[in-house]
Amino acid sequence: MGDSNDSIPLDTQKIYLGGKEHRVRTRCGSVSVIVYGDKDKPALITYPDLALNHVSCFQGLFFCPESASLLLHNFCIYHISPPGHELGAAPVCPSASAHCVDDLADQILEILNYFGLGAVMCMGVTAGAYILTLFAMKYRKRVLGLILISPLCRAPSWTEWFYNKVMSNLLYFYGMCGLLKELLLQRYFSKEVRGNIEVPESDIVLACRRLLDERHGSNVMQFLQAINGRPDLTSGLKRLRCRTLIIVGDSSPFHSEAVYMASKLDRRFSALVEVQACGSMVTEEQPHAMLIPMEYFFMGYGLYRPCYLSGSPRSPLSPSCISPELLSPESSGLNLKPIKTRVSHYI
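Thresholds applied
- Residues numbered from 1 in each chain as written.
- Predicted model: local features only at pLDDT ≥ 70, side-chain atom pairs only at ≥ 80, totals over all residues.
- Heavy atoms only, no water.
- Patch = residues over 30% accessible without salt bridge, like charges linked within 9 Å, V, L, I, M, F, W, Y side chains within 5 Å.
- Areas by Shrake-Rupley, 256 points an atom, 1.4 Å probe, with all protein chains shown as cover.
- Salt bridge = Lys/Arg side-chain N within 4 Å of Asp/Glu carboxyl O.
- Helix = DSSP H or I, 4+ residues; strand = E, 2+ residues; numbered from the N terminus.
- Buried < 20%, exposed > 50% of the residue type's maximum accessible area, 1.4 Å probe, protein only.
- UniProt positions renumbered as here; feature names shortened; annotations may be inferred.
- Contact = heavy atoms within 4.5 Å.
- Pairing = 2+ DSSP bridges.
- Disulfide = S-S within 2.5 Å.

## Here we look at a nonpolar patch on the surface
Taken together, W158, W161, F162 and V166 make up a surface patch of nonpolar side chains, about 490 Å² in accessible area. Within the element layout of this structure, W158 appears in helix α5 (residues 158–174). Take W158: its relative accessible area is 71%, and that puts it in the exposed class.

This is how it looks when you write it as structure tokens:
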């Protein structure tokens with residue numbers, strides 16, 4: 001898959017804030033991947049929520065200095081956009097066959113093969129978290145660990161299914177209309193930042209609203225239809241052996257889904273962090289709340305922020321450098337305690 005026919009030629013690739021866009025051709029169509037950093041470092045792939053891309057879903061996390069230093073020092077970042085969600089995407093043909101969630105998970109395998117990547121760290125938000133969890137179940141040897149923000153794991157409830165159908169109809173008849181954007185913003189953010197009659201919207205919501213204006217309704221509808229037809233993953237969660245960190249805002253409409261998923265994972269390899277006064281998109285609303293959980297999570301792989309790191313990220317530090325209570329008794333690396341940590345809002 002690594003031959004020159006698999007991606008757009010180098011001279012047509014775009015540069016985004018130091019990252020380079022690659023167009024990877026897969027069995028189910030072309031996918032945009034933005035690559036940041038040194039390709040000799042371990043790979044971290046990201047997958048955003050519905051109607052979002054790396055700018056609207058992960059920019060807050062990577063613009064947070066402490067988180068950026070932790071992630072960019074230790075990883076080469078591969079931001080994967082759902083089909084038609086990349087910056088400047090053209091509208092998909094209405095007659096084009098829609099992808100299912102298995103197609104989207106299989107696309108990730110093709111992307112890893114194209115870049116010559118082995119096992120990778122994964123970070124996804126809500127719908128993107130579901131796709132990465134499905135990928136981890138199908139291709140276990142290709143996943144080092146999962147960081148899931150407000151994830152989904154079950155088939156849609158009747159309430160969510162109806163909600164998604166309303167959005168599909170709005171997209172079909174009116175495109176990215178005002179009502180549709182309001183429904184999406186409620187999905188992403190807590191009421192504290194969405195504002196009201198007396199309090200204006202926060203800057204992050206205003207920025208997200210502007211970025212949603214760039215989406216094409218037909219592209220969003222394809223991803224929404226795939227997610228609305230997703231199967232239940234519960235039966236496979238106990239067999240998931242990669243370490244998993246779940247982070248969810250306590251105001252997220254998917255809070256109960258994240259708590260349910262955490263209860264079904266093997267407690268030896270998973271932990272749940274709840275963030276107070278925060279919606280689903282913790283990466284944008286409270287990215288600082290992710291720092292300490294991620295630091296402990298990565299310690300099990302010998303990865304630290306630059307001020308603590310000595311040596312290459314590919315050469316893990318001695319386990320003696322890690323708090324003994326965080327070590328798994330039956331394997332090397334980190335075993336996060338199965339506790340619910342409530343991270344208070346702070347500036």
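## Some details on the UniProt feature "transmembrane region" (unreviewed entry) in the protein chain
The feature "transmembrane region" (unreviewed entry), as annotated in UniProt, sits at residues 111–136 in this numbering. Along residues 111–136, the helical share is 58% and the strand share 23%, with 14 Å between the first and last C-alpha atoms.

## Quick word on the environment of A51
Within the element layout of this structure, A51 appears in the loop between β4 (43–47) and α1 (54–63). Sequence separation between A51 and V220 is 169 residues; the distance between their C-alpha atoms is 5.4 Å. When neighbours within four sequence positions are excluded, A51 is seen to be in contact with H85, L184, Y188, L212, R215 and V220.

## Side note on the pairing of strand β5 (residues 76–80)
Among the five residues of β5, five are classified as buried, and the element is accordingly described as predominantly covered. On β5, burial covers both faces: C76, Y78 and I80 on one face and I77 and H79 on the other are all buried. As judged from the four bridges shared by strand β3 (residues 29–36) and β5, these two strands associate in the antiparallel manner. Residue pairing for β5: V33 is matched across the bridge by I80. Bridging between β4 and β5 involves four bridges; their strand directions are parallel. Within the sheet, the bridge partner assigned to L44 lies in β5 and is I77.

## Points about the environment of E110
Checked against the element boundaries, E110 lands in helix α3 (residues 101–115). Residue classification places E110 among the buried positions, given a relative accessible area of 11%. For the pair E110 and R25, spaced 85 residues apart in sequence, the C-alpha separation works out to 8.5 Å.

## Brief notes about the pattern of salt bridges
Any two side chains of opposite charge can pair, so long as their charged atoms come close to each other. The full count for this structure, using the stated rule, is 14 salt bridges. One salt bridge in this structure joins E160 and R230, with 2.7 Å as the shortest N-O distance. Of this pair, E160 sits in helix α5 while R230 sits in the loop between α9 (217–228) and α10 (234–237), and the two are 70 residues apart along the sequence. Among the ionic pairs, D213 bridges to K181, the shortest N-O distance being 2.3 Å. Of the two residues, D213 sits in the loop between α8 (203–212) and α9 while K181 sits in helix α6 (residues 178–188), which places them 32 residues apart along the sequence. Taken together, the salt bridges that share partners define one network made up of R27, D102, D103, D106 and K138.

## A closer look at the state of the cysteines
Each disulfide consists of a covalent bond between the sulfur atoms of two cysteine residues. Under the definition given, this model contains zero disulfides. For the unlinked cysteine C242, the closest cysteine sulfur is that of C122, found at 7.5 Å.

## Re the environment of F189
In this structure, F189 sits in the loop between α6 and α7 (191–194). Each C-alpha atom of the pair F189 and E285 lies 7.0 Å from the other, and the pair is 96 residues apart in sequence. When sequence neighbours within four positions are dropped, the list of residues in contact with F189 reads R194, I204, V205, C208, G279, M281, E284 and E285.

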